[in-house]
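Close look at the chain arrangement
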Amino acid sequence: EKKNLGFPEDNFPPEKTLYLTLLNKTGIHKKLKDGFTLVQPSDQSFEALWQESISFLNSTKDNELGLEEFVSSLSKRPFKLKKGFIDVWLPVFLFINRNDFALFNEDRYIPQLSSETLDLIIKKPKDFRVKAFNVTGVKLDIFNRYRDLLQQTTTDKLNNESFIETIKPFLIFYRDLKDYAKSTSRISKEAYSLRETIAKSKDPEKTFFEDFPNALGFTTIDLKEGNESLKEFTETLELTIREIRTSYDNLVDRFEDLVQKSLGDSSDFPSYKDTLEKRFISIKKDLLLPKQKVFLQRLESPLDDRVSWLQSIAQACIQKSLDTIEDKDEALLYDRFDSMVHELDNLCELSKGEIDESKEEVLKLELTSFVDGIQKDLIRIPKSRNSEVKATSEKINSILTNSKSVNIAILANLLREQLKDDK
């Protein structure tokens, strides 16, 4: 964009001589109203080379081709260009036409040409491929529907700049999703397919005109049928994006619904939070296990934001942030929450009694079966009998089996008999 590419007026290093010969005198470096730019050469001796280069670019409209093929064609008859000249012409030609093609390096789309990329192209043209844009007719209509959806102005001609401008919001949308929203399967088939398409997008032209429609159950033939099909497609796209974006919000809502149902309190936040706090107000905190203390602290935290409070409760239950959990963790979260509330409820009952911790240990026992229903008892064991309890426990343990489930069944039967005897 600078006069003489920024070379000093009174100095003539070799690079400036090269510039004056190949770019300045040929009309490639041209002055505009607000600066300079690179354009098609006006020197007629470059016309055949320009047309050959444009012909190569046009040949990539249907299938991408490697730049090594382009370099090879220039080094053969009728041009037989030397490598030194090709090393200047290749980046200059690509820069002049940078908006008319997509550039790829190892299947990775390169949205903008930088000096570093051009250096790599000169050194290893075989590592790069180009595909010229071929967007007319219904494809252009589809593309402008995308731009309408994104509240961007429509265009008569599609180029790399407009492609980048249009694909960028989709990539930002995916980047900003919560981890849960990026992995959950609790969305529709169309939403799942669209999300994966955005995540794996490499070629913007293929993404817009093949992958997005296919993900939503449309084909190019469907979209050629007219405005109604295009309208249905864009409406489906908008709804599906909203479904992906709100998938995490729906998870938060489901967890909140569980909390409300466990309390029998359908009021909004923070009313049900207050209900939960009051429920455990009588509990003796010094008797709680570490995980129970953490859970209770989170319940009583001064957080006044609904989502933040629910996230903190989830973290206390499963040691994972709510926005990073996987689908398999959701059922575990609900189970852990119910269990923790149940444990604290039982401890509240224990806290109501007068307990001298230095002299006794108190246990609340609850056993549920189809035969006997719910059997409850409060057991108070003086610490003076600890040695007796320990010795008997060791005897029982010595005759138990190697099967955990069998052992639990044996002990449950013994407990059931003891509770019946108490009655």
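Report follows, based on the coordinates. (Residues numbered from 1 in each chain as written. Predicted model: local features only at pLDDT ≥ 70, side-chain atom pairs only at ≥ 80, totals over all residues. Heavy atoms only, no water.)

Turning our eyes to something else, we now look at the sheet that holds strand β6 (residues 128-132). Pairing within the open sheet is antiparallel, and its four strands lie in the order β3-β6-β4-β5. Two strands in the sheet have a free side with no partner beyond their single neighbour: β3 (65-66) and β5 (108-110). Sheet analysis places strand β4 (residues 101-105) next to β5, joined by three bridges and oriented antiparallel. Along β5, the bridge assignment pairs F104 with Y109. Lying over the sheet, helix α5 (residues 115-123) contacts β4, β5 and β6, oriented at roughly 110° with respect to β6. (Pairing = 2+ DSSP bridges. Helix = DSSP H or I, 4+ residues; strand = E, 2+ residues; numbered from the N terminus. Contact = heavy atoms within 4.5 Å. Axes fitted to C-alpha atoms, helices over the stretch in contact; angles between N-to-C directions.)

Turning to unusual backbone geometry, a few remarks are in order. Cis geometry marks the peptide bond from R77 to P78, where omega comes out at 5°. Along the chain, the position of P78 falls in the loop between α3 (67-74) and α4 (83-96). The peptide bond linking F269 to P270 adopts the cis configuration, its omega dihedral lying at 10°. Tracing the backbone through its elements, the reader meets P270 in the loop between α13 (247-263) and α14 (271-279). Of note in the backbone geometry, Q319 takes a positive phi value of approximately 55° without being a glycine. By the element assignment, Q319 lies in the loop between α16 (306-318) and α17 (327-352).

We now examine helix α7 (residues 160-175). Since the α-helix packs 3.6 residues into each turn, any two residues three or four apart lie on the same face. With 16 residues, α7 should reach 22 Å at 1.5 Å per residue; the first-to-last C-alpha distance of 21 Å fits that figure. Buried residues of α7: N160, S162, F163, I164, T166, I167, F170 and F173, and no others. Here the buried face of α7 lies against β4, β5, α6 (138-149), α9 (189-199), α10 (204-215) and α12 (227-245). Capping the start of α7 is the job of one residue whose side-chain oxygen sits 3.1 Å from the backbone nitrogen of E161: N159. (Expected span 1.5 Å × (residues − 1). Buried < 20%, exposed > 50% of the residue type's maximum accessible area, 1.4 Å probe, protein only. Polar contact = N/O pair within 3.5 Å; in protein donor to acceptor, adjacent residues only side chain to side chain.)

Below, the discussion takes up the side chain of R195. Residue placement: R195 occurs in helix α9. Assessed through its relative accessible area of 1%, R195 is described here as buried. Within polar-contact distance, the side chain of R195 engages the backbone oxygen of K182 at 3.4 Å. Within the local environment of R195, its side chain forms a polar contact with the side chain of E196, the two groups lying 3.1 Å apart. Setting aside its immediate chain neighbours within four residues, R195 contacts Y174, A181, K182, S183, T184, I187 and I244.

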